[in-house]
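Okay, here's what each chain looks like letter by letter:
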Amino acid sequence: MPFFRQPNIWDTAKAAVTPEHVFLNRRQFIRGSIAGGMGLALLSLTGCQKASSSAPDLGNDPLAGTQPLRFGATDLNLPDPGRTTTPRDLTARYNNFYEFGGNKNIWRAAQSLPTENWQVRVHGLIDNPKTYDIDDFTRLFGLEERLYRFRCVEAWAMTVPWVGFPMRKLLEASDPQSSAKFVKFTSFYDERITTGPGWRPGSLPWPYQEGLRIEEMANELAFFATGAYGHSLPKQNGAPIRMVVPWKYGFKGAKSIVDIEFTAEQPATYWNTLGPTEYKFEANVEPQVPHPRWSQAEERVIDSGNPSSWNVEPTLLYNGYGEFVADLYA
Ligand SMILES: Nc1nc2c(c(=O)[nH]1)N[C@H]1C(S)=C(S)[C@@H](COP(=O)(O)O)O[C@H]1N2
Ligand SMILES: [Mo]
C-alpha cells in the first residue's frame, strides 16, 4: 500500500502528472507564443474544466453513451505492441483535446461535442467529392480492429484497440487527381461549444487541422477510428471519427473530423503553426531526434491512474512500425 494516495491523473487540473514538466512546458510554450505576439490574449490554462450546462450528466463514467460496434479482424499482420493494452477507462480519462481545455482532464467538458448527424465533407483535387455520414463509411468500407501503439510528443504512451477503416479505402473512393499531393484534415470547431477555459476567439489557430502527404494516407497503417475497445468512440477521444497514424506523434491524429481536402500544397497545421521548430509537419516518432526541450528517447506507458508507477520504456523508431513505413522516408 502506498503511504498516501496519489491523486488520480484525472482528478484535478493540477494532478501530479508525470511527466508534468513535459506538458507544462507545452502549455508555457503556448503562453510564450501568445505573449510573443501570436495572439491577442494571455491564456489562462490552469483553471478547472467545466462541462457546459447543456452537456449530459455522465456521472463518473467517461464511457457512458458509447455503443457496441460490429467489426472484423484486420488482414494486416501487425507487430505485437510488446506491452499490455491500456485499460479502456484510462484511455477515456487522460486526453489531449485543446478545444475543451489545456489539461488532460477534459472528458466532461468534451461531452458538449454534438456528434448527432455528423457529416464529413471530402473535397478538393479529386474526381469524386462527396459528403459522408458515419453510416456511409461503415457501409462502404466496413469496420476492423487495429491494436496500435500510441506515442504522444509529450513522451507518454498507450496501446489502443481502435475500430475503424483504413484511410486508403477513402483515398481510393475519392479518385484523387494527379495534382493532389497532400490531404488536409479539419476538426470540429464552434466557438460556442469548443471553449476551453481561457480560449479567446482569434488567440489560437483554430480550427485544429492536420495533414499528411498523399503517400502517407495511402499507407496501410493510416487509419480512421470510429471506435475503440469494441465500442463507438467516447467524445473525448474524438468521436465520431478521428485520424490514427501510429508511426507519428499523437498530435497528427486530429479528432472529430468534419472536412477532408486534397490539396497541391502542404497544408498549415495546428501545432506546427504554433511552434514550427517544436512540432514538425512530418512528426514521425524518432527516438534519436530530441524535441528542442526534452528527449524523445524514452516514454512513460500509462498503465494506471497513478503516474508515479508508470513504466519507462525505450521509444522505438517509427513507434515500432518501420517495416510498414520506412520506405516512405528513405
Ligand atoms: N482536434 C484535436 N485533435 C487532437 C488534439 C487536439 O487538441 N485537438 N490533440 C492531439 C494530441 S496532442 C494527442 S496526444 C491525441 C490524444 O488523443 P487521446 O486523447 O484520444 O489520447 O489527440 C490529438 N488530436
Ligand atoms: Mo500529443
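Analysis parameters
- Residues numbered from 1 in each chain as written.
- Chains lettered and ligands numbered in written order.
- Predicted model: local features only at pLDDT ≥ 70, side-chain atom pairs only at ≥ 80, totals over all residues.
- Heavy atoms only, no water.
- Near = heavy atom within 4 Å.
- Polar contact = N/O pair within 3.5 Å; in protein donor to acceptor, adjacent residues only side chain to side chain.
- 1 Å grid on protein atoms, 1.4 Å probe; cavity = no way out; pocket = protein on both sides within 12 Å on 5 of 7 lines; lining within 4 Å.
- Sits in = over half its atoms within 2 Å of the grid points.
- Nonpolar A, V, L, I, M, F, W, Y, C, P; charged D, E, K, R; others polar.
- Phe/Tyr/Trp six-rings, centres within 6.5 Å; stacked < 30°, edge-to-face > 60°.
- Helix = DSSP H or I, 4+ residues; strand = E, 2+ residues; numbered from the N terminus.
- Buried < 20%, exposed > 50% of the residue type's maximum accessible area, 1.4 Å probe, protein only.
- Lys NZ or Arg CZ within 6 Å of the ring centre and 35° of its normal.
- Pairing = 2+ DSSP bridges.
- Axes fitted to C-alpha atoms, helices over the stretch in contact; angles between N-to-C directions.
- Contact = heavy atoms within 4.5 Å.

S.K.: Provide a residue-level description of the site of ligand 1, including the pertinent values.
M.R.: Neighbouring ligand 1 are 19 residues; Tyr98, Glu99, Asn237, Arg242 and Lys255 lie closest to it. Interatomic distance of 2.8 Å between a side-chain N/O atom of Glu99 and a nitrogen atom of ligand 1. Within the side chain of Lys255, one N or O atom sits 2.6 Å away from an oxygen atom of ligand 1. More than half of the atoms of ligand 1 fall within 2 Å of the grid points belonging to the largest cavity. Across the shell around ligand 1, the residue classes tally to 9 nonpolar, 6 polar and 4 charged.

S.K.: A description of the packing of aromatic side chains should follow, citing residues and the corresponding values.
M.R.: Inspection of the entire model under this criterion finds 23 aromatic pairs. Seen from their ring centres, Tyr148 and Tyr321 are 5.8 Å apart, and the 75° between their planes marks the pair as edge-to-face. Remark: Tyr321 occurs in the loop between β13 (311-314) and α7 (322-325) and Tyr148 occurs in strand β4 (residues 144-151); sequence separation between them is 173 residues. Across the pair, Tyr321 and Tyr148 agree in class, each one buried. A cation over an aromatic ring shows up here: Lys252 above the ring of Phe281, its NZ or CZ 4.0 Å from the ring centre.

S.K.: If you had to explain the sheet that holds strand β3 (residues 130-133) to someone new, which residues and values would you point to?
M.R.: Ordered in space as β3-β2-β11-β6-β7, the 5 strands form an open sheet in which the pairing is mixed. Either end of the sheet is taken by a strand with one partner, and the two such strands are β3 and β7 (209-213). Put simply, the sheet's adjacent strands are angled 20° from each other on average, direction ignored. Summarising the sheet, strand β2 (residues 119-124) and β3 pair through 4 bridges and their orientation is antiparallel. Each residue of the ladder has a partner; that of Val120, found in β3, is Tyr132. Against the sheet, helix α3 (residues 134-141) engages β2 and β3, with an angle of about 95° to β3. Its contacts with the sheet place helix α4 (residues 167-174) against β2, β3, β6 (182-187), β7 and β11 (257-263), and it is angled at close to 55° to β11.

No statement about biological role is implied by the geometric values presented.
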